[in-house]
Amino acid sequence: MFEFNYRMLANEFLSTEAVDIYIPLPLEDGSQRILEQTIRSSIPGESGVEARYGNGYFHIHRPANINNPIDADLSWTVERRVAGDVDEPLTAQEREQFLAPNQLVPVGHEVLEPILAEVHAMRVDESPAATARAIYDWVVDNVEYKKVGTGWGNGDTFWACSERYGNCTDFHALFISLARSEGIPARFEIGFPVPDSREEGEIGGYHCWVRFHLPDRGWVPIDASEAAKNPAQRELFYGTQPADRIHFSTGRDLVLTEASKRQPLNYFIYPYVELGGIPWRAKVETSFSFREVTGG
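Owing to the predicted nature of the structure, the values given are computational and were not obtained by experimental measurement.

The rules behind the values
Residues numbered from 1 in each chain as written. Predicted model: local features only at pLDDT ≥ 70, side-chain atom pairs only at ≥ 80, totals over all residues. Heavy atoms only, no water. Helix = DSSP H or I, 4+ residues; strand = E, 2+ residues; numbered from the N terminus. Rg over C-alpha atoms; globule rule 2.2 N^0.38 Å. Contact = heavy atoms within 4.5 Å. Polar contact = N/O pair within 3.5 Å; in protein donor to acceptor, adjacent residues only side chain to side chain. 1 Å grid on protein atoms, 1.4 Å probe; cavity = no way out; pocket = protein on both sides within 12 Å on 5 of 7 lines; lining within 4 Å. Points joined across faces, edges and corners; volume = space filled by probe spheres on them. Nonpolar A, V, L, I, M, F, W, Y, C, P; charged D, E, K, R; others polar. Salt bridge = Lys/Arg side-chain N within 4 Å of Asp/Glu carboxyl O. Buried < 20%, exposed > 50% of the residue type's maximum accessible area, 1.4 Å probe, protein only. Pairing = 2+ DSSP bridges. Axes fitted to C-alpha atoms, helices over the stretch in contact; angles between N-to-C directions.

Draft legend 1. Expanded view of the overall build of the protein chain. A count of helical and extended segments in the protein chain gives seven helices and 16 strands. Computed over the C-alpha atoms, the radius of gyration of the protein chain is 20 Å, within 12% of the 19 Å expected from 2.2 N^0.38 for a compact globule of 296 residues. Taken along the three principal axes of its C-alpha coordinates, the protein chain extends 60 × 45 × 40 Å. Long-range contacts, defined here as pairs at least 24 residues apart, represent 69% of the contacts in the protein chain between residues at least 6 apart.

Below is the structure:
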């Protein structure tokens with residue numbers, strides 16, 4: 001069990017325009033329970049839910065012609081369990097949703113054909129289970145985890161295919177593209193790492209992973225980027241996710257507002273800002289930290 005803190009400071013909006021800020025909220029599922037939530041905001045806000053994936057958010061609205069700084073401090077007491085298969089049937093809506101392409105995650109594109117040919121040669125049979133495992137092994141073996149230059153970190157399948165390196169978003173964009181191209185529903189999940197090697201401290205940035213669906217197993221978790229970083233744990237990260245993380249949101253190309261319909265969010269982990277009803281793409285100041293706590 002741990003306490004996770006998400007802090008935001010947006011003092012750069014010296015504008016007559018209205019400011020709207022949307023901060024993601026962590027979800028609850030079989031491996032994650034939110035035991036307590038505390039939200040302090042310099043401007044009152046309200047919680048809401050994004051329609052397509054059911055992601056929660058906290059919305060702060062500063063009216064026009066007001067220049068007060070906007071800061072928020074959100075914290076949650078979280079109970080995490082090791083995540084394994086979730087034996088749930090796939091609804092027709094989920095099948096359509098998690099087989100469809102995203103802006104940076106193509107499905108059935110010619111750029112994937114050489115990789116899929118190698119995947120087909122690797123798999124032990126043509127079943128979805130064997131195909132998913134071969135895709136995982138191909139990605140772990142052929143994509144390098146590194147953050148060099150520019151272009152990585154957008155969850156861009158085209159980048160991962162051509163450059164063969166990137167961070168967790170790039171690993172998992174490629175896995176999802178390949179899985180969906182083979183008719184295997186796959187969904188993107190994002191949150192933050194919560195290291196089990198220390199009891200408290202700052203967290204530098206996000207982490208993401210994937211679940212894919214098999215008819216006889218349900219939703220199966222994988223973490224290809226962590227497997228690439230830790231080769232001895234390849235088997236652990238196929239079908240299991242340790243409790244060393246907090247899950248905030250699911251999906252790509254998210255729509256929170258009318259304006260974001262025209263420019264959907266690539267993924268939702270940092271604050272989304274609109275200035276005068278127009279998406280504002282620069283980042284606001286954020287910091288993240290955690291500390292282990294004991295049950296009372």
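And the narrative resumes.
Draft legend 2. Up close: the side chain of Arg62. Along the chain, Arg62 falls in strand 5 (residues 56-62). Within polar-contact distance, the side chain of Arg62 engages the backbone oxygen of Ile66 at 2.8 Å.

Draft legend 3. Main features of the layout of surface pockets. Computed from the structure, the largest pocket encloses a volume of approximately 1,100 Å³. What lines the largest pocket is a set of 47 residues, among which Gly153, Tyr206, Tyr267, Ile269 and Tyr270 lie closest to the centre. Of all the elements in the fold, those that place two or more residues in the lining of the largest pocket are helix 6 (224-229) and strand 14 (272-275). Partitioning the lining of the largest pocket into residue classes produces 23 nonpolar, 13 polar and eleven charged. Volume-wise, the second largest pocket comes out at about 510 Å³. Around the second largest pocket, the lining comprises 29 residues; the ones closest to its centre are Leu27, Asp29, Arg187, Glu189 and His247. Those elements that provide at least two residues to the lining of the second largest pocket are helix 1 (92-97), strand 9 (186-193), strand 11 (207-214) and strand 13 (245-250). Examining the composition of the lining of the second largest pocket, we find that three residues originate from one element, strand 13, more than from any other. Looking at the lining of the second largest pocket residue by residue, the class counts come to ten nonpolar, ten polar and nine charged.

Draft legend 4. The pattern of salt bridges, seen in detail. Per the counting criterion, the structure on display carries 16 salt bridges. The salt bridge partner of Arg33 is Glu79, with a shortest N-O separation of 3.0 Å. One end of the pair, Arg33, is in strand 3 (residues 32-41); the other, Glu79, is in strand 6 (residues 70-80), and 46 residues separate them in sequence. Residue Arg33 is classed as partly exposed on the basis of its relative accessible area, which comes to 44%. Taking the relative accessible area as the measure of exposure, Glu79 reaches 29% and is therefore partly exposed. With a closest N to O distance of 2.7 Å, Arg217 and Asp85 form a salt bridge. Of the two residues, Arg217 is situated in the loop between strand 11 and strand 12 (218-222) and Asp85 in the loop between strand 6 and helix 1; the sequence distance between them amounts to 132 residues. Taking the relative accessible area as the measure of exposure, Asp85 reaches 34% and is therefore partly exposed.

Draft legend 5. Representation of the sheet that holds strand 13 within the structure. Ordered by their spatial adjacency, four strands build an open sheet running 12-11-9-13, and the pairing between neighbours is antiparallel. Strands with a single pairing partner mark the edges of an open sheet, and in this sheet they are strand 12 and strand 13. With direction set aside, neighbouring strand axes in the sheet form an average angle of 35°. Bridge analysis of strand 9 against strand 11 gives six bridges, and the strand direction is antiparallel. In the sheet register, Gly191 faces strand 11, and the bridge partner there is His207. In the packing of helix 5 (residues 168-181) onto the sheet, the strands contacted are strand 9, strand 11 and strand 12, and the crossing angle to strand 11 comes to about 15°.

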